[in-house]
Amino acid sequence: MPRVTWHIITCEYPPQLGGVSDYARLVAAGLALRGDAVHVWAPRATVDRPRDEGVVLHDEPGTFSPADLTRLDEALDRFPGPRRLFVQWVPHGYGYRSMNVGFCRWVLRRARSHGDIVDIMVHEAFLPFRKDRIKENVAAAVHRVMTVILLRAARRIWYSIPNWETLWRPYTLGRAVPFRWLPLPSTIPATFDAAEIRRVRKELGATDRLLVGHFGTFGRDLRDLLIRVLATLPTTLSDYSVVLIGPGGPEAAAELIALRPDLSGRVSATGPLAPEAVPPYLHACDVLLQPYTDGVSTRRTSFMAGLSLGRPTVTTLGFASEPFWKDSGAAVFAAPDDTTGLAGAVADLLTDASARDRVGSAARELYRARFDISHIIETLRAS
């Protein structure tokens with residue numbers, strides 16, 4: 001394919017933490033590896049950013065204020081047109097209390113007045129309307145206005161889960177905008193080091209025990225569900241330890257031990273880890289528990305990480321879940337409100353090594369066939 005110049009506009013980029021940050025870096029590095037010219041335009045960082053060969057980093061976006069956007073215009077206009085802008089969209093990422101209408105108008109102006117080709121990657125759609133939450137409903141209304149503006153600017157909409165297309169398409173207002181699914185890959189390295197895995201298991205006191213793990217950022221709703229499930233594991237099932245991987249893990253560990261004092265000494269938490277430090281902890285886990293209140297989906301990079309490494313996982317099917325998960329065999333599923341069912345599924349996997357092998361193998365094969373970063377890079381380049 002001919003060499004393409006990409007301008008990735010993103011609200012976060014490493015060392016900033018977040019799924020959009022990790023995704024933007026992974027895509028930028030993947031495109032550069034294929035020989036494309038890649039420029040990433042992201043907010044200023046207070047420490048040095050990680051560097052990937054072929055990826056040029058720019059900090060003109062600042063806080064996405066009007067003055068910053070003027071500087072961004074000047075910097076982009078130094079490149080020959082039409083420039084290809086790949087905008088990473090999550091409404092709360094661009095400041096102004098998630099209501100930066102000015103940024104969306106800037107994207108539209110880039111398309112109309114500067115002749116740029118605009119692709120939007122929808123990581124999050126917009127807030128729902130909820131009873132008795134006036135401030136949130138104001139933001140939700142503004143999010144829909146922002147959506148209309150972005151749809152007027154876009155040549156194509158990419159989305160991380162099919163539900164985002166369902167939510168966004170009515171706001172095209174009849175304009176023919178192509179939508180296409182671009183599932184999120186794992187954002188951690190697919191590495192394997194047997195000695196490092198043994199070291200981690202020893203560190204976690206799981207040398208002679210099975211290990212149940214969870215990887216994520218421990219947001220409030222998810223954390224509550226996770227702790228309820230772990231607290232519901234049978235007290236007769238004693239030969240296991242728990243590790244909580246990621247920021248917020250220590251606080252979740254304390255809450256779990258308060259509910260289940262008998263687990264004291266068997267619950268560990270890593271706190272924040274760099275992406276390259278995560279794989280040994282996931283590989284060390286015999287079972288991963290990854291429940292989501294809206295159901296598992298391909299936008300959940302915490303789940304995709306375990307899938308990519310072939311870890312047997314218990315998760316949830318909900319309204320945000322893609323239909324193919326149910327019959328994939330790549331995880332064990334229960335409903336988000338079925339705490340007992342989720343706990344039972346974890347207990348079953350802990351006591352059945354052949355089931356763990358079967359689920360783990362199916363997970364690894366599904367990831368390689370459908371979600372590996374190479375598929376995503378080829379899809380983008382072919383577009």
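Residues numbered from 1 in each chain as written. Predicted model: local features only at pLDDT ≥ 70, side-chain atom pairs only at ≥ 80, totals over all residues. Heavy atoms only, no water.

### Things to note about the overall build of the protein chain
Phase 1 of the analysis: Each helix and strand counted, the protein chain has 13 helices and 13 strands in total.
Phase 2 of the analysis: Its C-alpha atoms give the protein chain principal-axis dimensions of about 65 × 50 × 40 Å.
Phase 3 of the analysis: For the protein chain, contacts bridging at least 24 residues in sequence account for 71% of all contacts bridging at least 6.
Phase 4 of the analysis: Summed over its atoms, the accessible surface of the protein chain is roughly 16,600 Å², and 54% of this surface lies on carbon and sulfur atoms.
Phase 5 of the analysis: Here the protein chain contributes 46 positive and 41 negative side-chain charges, whose respective centroids are spaced 5 Å apart. (Helix = DSSP H or I, 4+ residues; strand = E, 2+ residues; numbered from the N terminus. Contact = heavy atoms within 4.5 Å. Areas by Shrake-Rupley, 256 points an atom, 1.4 Å probe, with all protein chains shown as cover. Lys, Arg positive; Asp, Glu negative; His and termini not counted. Charge placed at Lys NZ, Arg CZ, Asp CG, Glu CD.)

### Structural notes on helix H8 (residues 249-259)
Phase 1 of the analysis: Along H8, the residues that are buried comprise Gly249, Ala252, Ala253 and Leu256. Taken down its axis, H8 places every buried residue within 105 degrees of arc, on the same side.
Phase 2 of the analysis: On its buried face, H8 sits against helix H7 (220-232), strand E9 (240-245) and strand E10 (267-271). (Buried < 20%, exposed > 50% of the residue type's maximum accessible area, 1.4 Å probe, protein only. Arc of directions from axis to C-beta.)

### Quick notes on the pattern of salt bridges
Phase 1 of the analysis: In the structure shown here, the tally under the stated rule is 27 salt bridges.
Phase 2 of the analysis: Linking Arg71 and Asp68 is a salt bridge whose minimum nitrogen-to-oxygen distance equals 2.2 Å. Of this pair, Arg71 and Asp68 both sit in helix H2 (residues 66-76), 3 residues apart, which is roughly one turn of that helix.
Phase 3 of the analysis: Judged by relative accessible area, which is 37%, Arg71 ranks as partly exposed.
Phase 4 of the analysis: With its nearest N and O atoms 2.8 Å apart, the salt bridge here joins Glu196 to Arg199. Within this pair, Glu196 and its partner Arg199 are both found in helix H6 (residues 194-203), separated by 3 residues, close to a single helical turn.
Phase 5 of the analysis: Each member of the salt-bridge network shares a partner with another, and the members are Asp73, Asp77, Arg83, Arg109, Arg110 and Asp116. (Salt bridge = Lys/Arg side-chain N within 4 Å of Asp/Glu carboxyl O.)

### Describing the packing of H7 against H8
Any two packed helices are characterised by the angle at which their axes cross and by the distance between the axes.
Phase 1 of the analysis: Packing of H7 against H8 leaves a shortest axis separation of 10 Å and a crossing angle of 35 degrees. When you trace H7 past H8, the crossing you get is right-handed. Residue-level inspection shows Arg220, Arg223, Ile227, Leu230 and Ala231 of H7 in contact with H8, the latter providing Glu251, Ala252, Glu255, Leu256 and Leu259. (Axes fitted to C-alpha atoms, helices over the stretch in contact; angles between N-to-C directions. Left-handed = near helix turned anticlockwise from the far one by under 90°.)

### Considerations on the side chain of Ser241
Phase 1 of the analysis: Mapped onto the secondary structure, Ser241 falls in strand E9.
Phase 2 of the analysis: A distance of 3.2 Å separates polar atoms of two side chains, one belonging to Ser241 and the other to Arg209.
Phase 3 of the analysis: Among all residues touching Ser241, those that are not within four sequence positions of it are Leu204, Gly205, Arg209, Leu210, Leu211, Val212 and Arg266. (Polar contact = N/O pair within 3.5 Å; in protein donor to acceptor, adjacent residues only side chain to side chain.)

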